[in-house]
Amino acid sequence: MEFRSNEHQHIRYNPLTDEWILVSPHRCLRPWSGQTEEPPEEAPPDPTNPLRAGATRANGQKNPMYTSTYVFPNDFPALLERVPAPPASTNPLFQAKEAKGTCRVMCFHPDTSVTLALMTTQEIRAVIDEWANQLQELGRRYTWVQIFENKGAIMGCSNPHPHCQIWASSFLPNVPRIKDRMQKEYYTEHGKSLLVNYLEQELQKKERIVLENDDWVALVPYWAMWPYESMLLPKHGRPQRLTDLTEEQRTALANIMKQLNTAYDNLFNCSFPYSMGWHGAPTGPGHKPGDSPHWLLHGLYFPPLLRSASVKKFMVGYEMLAQSQRDLTPEQAAEKLRQCDHTVHYKLRNQ
Ligand SMILES: O=C1CCN([C@@H]2O[C@H](COP(=O)(O)O)[C@@H](O)[C@H]2O)C(=O)N1
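Residues numbered from 1 in each chain as written. Predicted model: local features only at pLDDT ≥ 70, side-chain atom pairs only at ≥ 80, totals over all residues. Heavy atoms only, no water.

Considering the site of the ligand
Basically, it comes down to this: If a single non-hydrogen atom of a residue is within 4 Å of a molecule or strand, that residue counts as near it. N or O atoms within 3.5 Å of each other form a polar contact, as long as, within protein, one can give a hydrogen and the other can take it, and as long as residues adjacent in sequence are counted only when both atoms are side-chain atoms. The method behind every accessible area is Shrake-Rupley, applied with a 1.4 Å probe, and residues are considered shielded solely by the protein chains displayed. Lys, Arg, Asp and Glu make up the charged group, whereas Ala, Val, Leu, Ile, Met, Phe, Trp, Tyr, Cys and Pro make up the nonpolar group; the residues left over, Gly among them, are polar.
Near the ligand there are 14 residues, and of these Ala 58, Asn 74, Asp 75, Ser 158 and Gln 165 occur at the shortest range. Take Ser 158: an N or O atom from its main chain is 2.9 Å from an oxygen atom of the ligand. Here an oxygen atom of the ligand and a side-chain polar atom of Gln 165 are 2.9 Å apart. Contact with the protein chains covers 87% of the free accessible surface of the ligand, which is 470 Å². When the residues that make up the shell around the ligand are grouped by side-chain class, the tally is six nonpolar, six polar and two charged.

This is the structure we're talking about:
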């Protein structure tokens, strides 16, 4: 019997993280019900939301009447800047190291009721510019600045106001540490960045592309774990960090982010939940622009929904104990996202 990747189980390798994922397409050969429910009831925006413009936050601080983005120190930070370091570890089985850092909350917009999909590209561009500003500032002191957006209650997001978080740390967390090593090994062996090569080949294969414009590609990576996981990859200039993006790349990024978020929301006619973030070359005092040609800046979307606004993929059991597993193949997910309208948001239809 001839192998067919959309019918027969196989494992796929993620060269960025040195992990394998099990793909079991035969499990969803049953006709996809295409179940789209009525959009879930969305609570009206909370007029007392502590992130909105002019609100008073948990610690009594009052937000200014901001009109674009607004960044403030997290009132409940997971990382503090000044803490004593633990004693040096002498026992390899009980190692502890110092962890310094700072956590910020970045509001995208003053209005609690909007999301990125419903913001203008100019407003999204302001978010991208502020991301770069934050990376520039915090990257001087910290070796890793993690920009991440948790969207939707299903993602444990404690607040529906359009926002993201920024956690800067004195240590390089696990995922970027492994990505740095894997990309450096690839670069040493091939003399070219792993993701630059990968993107060139994805654009030739055309099997997992979701959206693209002059400067960016949104695709479902060959090794995707979450059903509709996607990556944003820059086509030109090989930017290593968000701070390397030109004006044109930033504007094009705002455009493709609006389209991707619109397609995502239109997939199941709901405000599509996800965690997203950016990975670029590490920062900190020992780094400077252009010093990490093994890195290519890339955006990551990890959405949990599997089949409808209320049916999600659980990364439990086998995924926790063995490895990630998926039924819908990355190619099928990319096809379904390509079929989604990426220009008119379901909330704006018939308007
Ligand atoms: O008054 C507040 C409310 C929420 N926050 C912070 O906002 C963050 C909301 O982000 P999440 O929705 O991703 O949890 C959360 O980390 C929470 O600590 C404040 O700093 N002050």
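Brief notes about unusual backbone geometry
Rule in force here: Counting from the N terminus, the helices are the DSSP runs of H or I reaching at least four residues and the strands are the DSSP runs of E reaching at least two.
Unusually for a residue other than glycine, Arg 238 sits at a positive phi of about 50 degrees. Take Arg 238: it is sitting in the loop between strand S9 (230-234) and helix H4 (247-267). Its identity is not glycine, yet Asn 269 carries a phi of approximately 50 degrees, on the positive side. Position of Asn 269 relative to the elements: it lies in the loop between H4 and strand S10 (274-279).

Details of the packing of helix H1 (residues 121-141) against H4
Stated formally: The angle between two axes is taken between their N-to-C directions and runs from 0 to 180 degrees, where each axis is a line fitted to C-alpha atoms and a helix contributes only its stretch in contact. Angles below 35 degrees are treated as roughly parallel, those above 145 as roughly antiparallel, those between 65 and 115 as roughly perpendicular, and all remaining angles as oblique. Crossings are assigned a handedness: left-handed for a near helix turned anticlockwise from the far helix by less than a right angle, right-handed for a clockwise turn. Residue contacts follow a heavy-atom distance rule, with two residues in contact if any of their heavy atoms lie within 4.5 Å.
Relative orientation of the contacting elements H1 and H4 amounts to 125 degrees, with a least axis distance of 8 Å. In terms of axis orientation, H1 runs oblique to H4. Our pair here, H1 against H4, has a crossing hand that is right-handed. Along the contact surface, H1 presents Thr 121, Ile 124, Arg 125, Ile 128, Asp 129, Trp 131 and Ala 132, while H4 presents Glu 247, Arg 250, Thr 251, Leu 253, Ala 254, Asn 255, Met 257 and Lys 258. When grouped by side-chain class, the residues that make up the contact of H1 with H4 number seven nonpolar, three polar and five charged.

Digging into the side chain of Arg 250
Our working definition: Only protein chains enter the accessibility calculation, which uses a 1.4 Å probe. A residue is then buried if its area is under 20% of the maximum for its type, exposed if over 50%, and partly exposed in between.
Mapped onto the elements, Arg 250 comes out in helix H4. For Arg 250, a relative accessible area of 12% puts it in the buried group. Other than its neighbours up to four places away in sequence, Arg 250 contacts Arg 125, Ile 128, Asp 129, Ala 132, Leu 242, Thr 243 and Leu 245.

What to know about the environment of Ala 333
Mapped onto the fold, Ala 333 is located in helix H6 (residues 330-338). The sequence separation of Ala 333 and Ser 230 amounts to 103 residues, and the corresponding C-alpha distance is 9.5 Å. Non-local contacts of Ala 333, meaning those with residues more than four positions away in its chain, are made with Val 220, Pro 227, Tyr 228, Arg 326 and Leu 328.

Topic: the sheet that holds strand S12 (residues 324-326)
Formally: Only when DSSP finds a minimum of two bridges between them are two strands counted as paired.
Spatially, three strands are ordered S1-S2-S12 in an open sheet, and the strand pairing comes out mixed. Bordering the open sheet on either side are strand S1 (10-14) and S12, each of which pairs with just one other strand. Strand-to-strand twist in this sheet, taken as the mean axis angle between neighbours without regard to direction, amounts to 30 degrees. In the sheet, S1 pairs with strand S2 (residues 19-23) via five bridges, with the strands oriented antiparallel. Bridge pairing links His 10 to Val 23 in S2.

Regarding the nonpolar core
Let me state the cut-off plainly: By nonpolar core is meant a set of buried Ala, Val, Leu, Ile, Met, Phe, Trp, Tyr and Cys residues that side-chain atoms within 4.5 Å join together.
In this structure, Trp 131, Trp 216, Tyr 228, Leu 232, Leu 253, Met 257 and Trp 278 are the most contacted members of the largest nonpolar core, which totals 51 residues. If you list the elements that add at least two residues to this core, you get H1, strand S5 (144-151), strand S6 (163-169), strand S7 (209-212), strand S8 (216-219), H4, S10 and H6. Take this core: its biggest share by element is nine residues, from H4. Excluding anything up to four places from it in sequence, Trp 278 contacts Trp 131, Trp 144, Gln 146, Ile 147, Trp 216, Leu 232, Leu 242, Leu 253, Leu 297, His 298 and Gly 299.

Topic: the sheet that holds strand S11 (residues 298-302)
Spatially, nine strands are ordered S3-S4-S6-S5-S10-S11-S9-S8-S7 in an open sheet, and the strand pairing comes out antiparallel. Unpaired on one side and paired on the other, strand S3 (70-73) and S7 mark the two borders of the sheet. Strand-to-strand twist in this sheet, taken as the mean axis angle between neighbours without regard to direction, amounts to 20 degrees. Bridge analysis of S8 against S9 gives four bridges, and the strand direction is antiparallel. By the bridge assignment for S9, Ala 218 is matched with Leu 232. Of the strands in this sheet, S3, strand S4 (101-107), S5, S6 and S10 touch H1, which is tilted by about 170 degrees from S4.

Remarks on the pattern of salt bridges
For clarity, the threshold we go by: Basic side-chain nitrogens of Lys or Arg form a salt bridge, by our definition, when they fall within 4 Å of a carboxyl oxygen of Asp or Glu.
Summed over the entire model, instances satisfying the criterion amount to 21 salt bridges. The closest approach of N and O atoms between Glu 81 and Arg 141, which form a salt bridge, is 2.6 Å. You can see Glu 81 sitting in the loop between S3 and S4 and its partner Arg 141 sitting in helix H1, a full 60 residues away along the chain. Under the relative-accessibility criterion, Arg 141 is labelled partly exposed at 45%. In this structure, Asp 291 engages Arg 241 in a salt bridge whose closest nitrogen and oxygen atoms are separated by 2.9 Å. Of this pair, Asp 291 sits in the loop between S10 and S11 while Arg 241 sits in the loop between S9 and H4, and the two are 50 residues apart along the sequence. The exposure class assigned to Asp 291 is partly exposed, which follows from its relative accessible area of 26%. With relative accessibility at 6%, the residue Arg 241 sits in the buried group. Shared partners join several salt bridges into a network, and the residues in it are Arg 12, Glu 202, Glu 207, Arg 208 and Glu 331.

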